[in-house]
Structure formats: C-alpha cells, structure tokens
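What the coordinates show
Each chain, letter by letter, is given below.
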Amino acid sequence: GDYVIKTIRVMLIPNNKQKTKLFQYANTARFAYNWALSKEQENYKNGNKFISNGDLRKEFTQLKKTKEYAWLNNISNNVTKQSIKDACIAYSRFFKGFSNFPKFKSKKHSPPSFYQDNGKIRFTNTHIKVEGFSNSKKKKRQKLNFIKLAEPNRIPTENCKYYNPRIKYDGLNWYITVSIECKNISTIPVNTGIGIDLGINNLAVCSDATIYNNINKTFKIRKLEKRKRRLQRSISRKYLKNKKGESYCKTSNIIKSEKKLLKIIKKLTNIRHNYLHQTTTEIIKRKPSFICIEDLSVSKMMKNKHLSKSIQQQNFYEFRQQIEYKSKWNNIKLIIADRYFPSSKLCSCCGDIKKDLKLSDRIYKCKCGNIIDRDYQASLNLKKYGENIFKSIS
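The rules behind each value
Residues numbered from 1 in each chain as written. Predicted model: local features only at pLDDT ≥ 70, side-chain atom pairs only at ≥ 80, totals over all residues. Heavy atoms only, no water. Pairing = 2+ DSSP bridges. Helix = DSSP H or I, 4+ residues; strand = E, 2+ residues; numbered from the N terminus. 1 Å grid on protein atoms, 1.4 Å probe; cavity = no way out; pocket = protein on both sides within 12 Å on 5 of 7 lines; lining within 4 Å. Points joined across faces, edges and corners; volume = space filled by probe spheres on them. Phe/Tyr/Trp six-rings, centres within 6.5 Å; stacked < 30°, edge-to-face > 60°. Buried < 20%, exposed > 50% of the residue type's maximum accessible area, 1.4 Å probe, protein only. Core = buried A, V, L, I, M, F, W, Y, C linked by side-chain atoms within 4.5 Å. Contact = heavy atoms within 4.5 Å.

Quick notes on the sheet that holds strand S1 (residues 3-13)
Two modes of strand pairing occur in sheets, parallel and antiparallel, and in both the strands are linked by backbone hydrogen bonds. Across the sheet, which stays open at both edges, the seven strands sit in the order S2-S6-S7-S1-S5-S4-S3 with antiparallel pairing between neighbours. A strand with exactly one partner marks an edge of an open sheet, and here the two such strands are strand S2 (113-115) and strand S3 (122-123). Of the strand pairs in this sheet, S3 and strand S4 (residues 127-129) are connected by two bridges, and their pairing is antiparallel. If you follow Arg122 over to S4, its bridge partner there is Lys129.

The following block contains the structure:
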C-alpha cells in the first residue's frame, strides 16, 4: 500500500501528581481486566457461552453506580473500556487455539500500563495531553493533563492519525507508545548487495569490508558490568543478613539497592540497543539491492558455557529484527541463508569446503593459496548466496 504504520516510543517526564494519576490509571486498568476475566471464567464454569465485550461493558457501567465502586468514576472510562476489550480478545484467542489461557494480572509482576483513546489524545511539540487527569476548567488545574515528553518534536502533531496509544511503566520511567501512518518509500535501491556475518569477536563483518566492533569490549560497558556484578553481590549479602528462618525479608535498603541495579541494567540495555540501531541504520543507508544474513540458532549456541554470556550480550535476535523491518520500509530484499549453509568453511576462491575448521582458526588457509580472515570470507560467501537467490527471484 501507500502507507506503512510505524510505532514511536517516547519517555515521559511526569511530575509527582501526574505519577500518582498514572499509577491510579494503570491499577484501574488491571482491575477491569481481572474483573472481565473472572466474569468470563465464572460464566464458562456455569456452562454458558462467551459473554460479548459489549455486554460486559454494560455490566461494568452498572457496577460504577454502586457505592462500593464509586471510585471508578474518577478514572477516564476509555481506560477500563479497552481493558475489558483486551480481556475478551485474550479469552477468545485461547478458544481459537492462538494462545495459552489468559492469566490474571498481578500487582507485583505485571508491568503497569493503560490505553488512551486515540481520538482524545493530543500531542504538542513538547507535551502529551492525557484525558481526565483533571476535569476542572481552571487553567492551573488543566495543566495536570499535560505531561512533558523527554524528546521534543519526536511525534508529528499536524493532520496525523494515531493508532493504539498506550502508556507503560518499566520499573523506572513511564513511556508512551503510539503508532502512526507514514508514506511508503517507493524507490527500489540498485547498489550491490551486502552479505553480513555476525559474530562475537566483532558484531558484524560486511562483504564490503566494513567491520562493526563488539561494543561489549569497550571500557564503558566493562565498567558498568563490573558495577552491576558488585551491586548484585551486595544485594545478595543483604538478603542473607536479613533472613528470618526460612523466609527472606525485603528491607528498605534492599529496595533502594534494587532500584540502583535496575538503573544499571536498563542503561546497559539502552547502550546496546542504541548501538544496534546505529549499525543497522548505517547498513540500510548504503541502499543495497539485497541484504543476506545467516539464520543463527541462538538457543543451540547458548549451550556452549564458555561463550553463552558473550552471545547473550550481542543481541543477535534484536539485530535481525531491526534489519528485517528497516529493509522492509526501504524496499530492500532480505535473504536469510539456510542454517546449514557452510559460510565459514567454504573457500571463496575455489569452492572447497574445509570440514575441520575450528573456532580458534581466525585466518582461513586453503590449498588453492587463498589466505583470508574467516569472518570476512563468511560475509563474501553470504553475498554470493544472496546474489544467486536474488537473480532467481528477479
């Protein structure tokens, strides 16, 4: 089609009153979801058919009129409306065999999140207007509805259609995710294709001899990893110190330390993901006609206990996902090489396969006189593989 739907995620900077409201909304969304699920389950046990989303919402409206649940009137009804809808979708998906039986959302383990009506939500360059935080007409009170965005001008404001805006908390910060329609790029790139070999020594080696280093070897990340390890040990010690009989007890100091740890973990994740975004975008910007990457079995690679941590930190799956959607947006053909294609063992000159190639052999030496870096050779072989498939398609 002419349009492609892209999702943008931006951090929010709420003040204390707004934080309270955000948690209230998220808790109410959880309450409505659990209420709808329990109604469906009860109904099913009594041998009745599925209750439709509309009927449940009518019943929920009556619930609001009772004295016990009068507090629900302080919360925007779109929040609960969507939660009930979500529960019904989850329930019907189970009966169609698409997913497992839906679980109740717990206060402790489910990430707090709620829906905003896409008709009511408003974006300015710097703020987002949430519905119903304050119903007062006074200008000073109205301010409560506007939450500051961490990145200005990130979300388009003029004649734009928003889909499925949701506000979510990740343990540290609140985020808004919203989907918008963007015009599709119609040009088809014509430059030579690229083969990419992913690895641990370097993140990626491209067939045009570009090398992307492993960011986990940098001083910054090693320092953060060290801090993370030390904090984990100190928290573990605190738990053992405050053990009462069989049960562990959480002191306020443990809670403080765990918040610190979460900050470090999030920082590490952000640095790694950001680096992947920079890498993948740079590869896409060269406008190759195709990109060929190998199909990695990460779960099997993880069984090597000496390398499992390094493999985990490289985020291969995230890399592949980013390359997939970015090449789709830019009309670049993505070719995934077969899992058993011998990209490293194959000689790029004579086509001979070296069966006894060890992981420690970084330089590939062939009988035909070809001496080459093994990762670079793998990327050249992947490029050839991609070329053959690309020709057969076009």
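Here's the deal with the pairing of strand S7 (residues 174-183)
Examined bridge by bridge, S1 and S7 share nine bridges and lie antiparallel to one another. Among the inter-strand pairings, Lys6 is bridged to a residue of S7, identified as Ile180. Judged from the six bridges that link them, strand S6 (residues 162-169) and S7 form a sheet pairing that is antiparallel. For Tyr169, the partnering residue across the bridge sits in S7 and is Trp174.

Describing empty space enclosed by the protein
One pass over the structure, following the stated rule, counts one cavity of 30 Å³ or more. A volume near 50 Å³ is recorded for the largest cavity. If you go around the largest cavity, the residues you meet are Leu203, Ile215, Arg272, Tyr275, Leu276, Gln313, Gln314 and Asn315. Broken down by secondary-structure element, the contributors of at least two residues to the lining of the largest cavity are helix H6 (252-285) and helix H8 (308-314). Looking at the lining of the largest cavity, the element that brings in the most residues is H6, giving three residues.

Examining the pairing of S1
Where S1 and strand S5 (residues 146-149) come together, two bridges link them in antiparallel fashion. Counterpart to Ile13 in the pairing with S5 is Lys148.

Here we look at the packing of aromatic side chains
Across all of its chains, the model carries 20 aromatic pairs by this definition. Taking the centre distance of 6.4 Å and the plane angle of 50° together, the rings of Phe31 and Phe60 count as tilted. Here Phe31, found in helix H1 (residues 16-45), pairs with Phe60, found in helix H2 (residues 53-64); they are 29 residues apart in sequence, far enough to count as distant. For Phe31, a relative accessible area of 23% translates into the label partly exposed. Ring centres 5.8 Å apart and planes at 35° place the aromatic pair Phe31 and Tyr69 in the tilted group.

Remarks on the nonpolar core
Side chains of nonpolar character tend, in soluble globular proteins, to be buried together. Core analysis: the largest hydrophobic core is formed by 30 residues, its most contacted members being Ile196, Ile283, Ile291 and Phe319. Going through the elements one at a time, strand S8 (194-198), strand S9 (202-206), helix H5 (219-241), H6, strand S11 (290-294) and helix H9 (316-329) are the ones with two or more residues in this core. It is H6 that contributes the most residues to this core, nine residues altogether. The contacts of Ile283, once residues within four sequence positions are left out, are Ile194, Ile196, Cys206, Tyr212, Pro288, Ile291 and Phe319.

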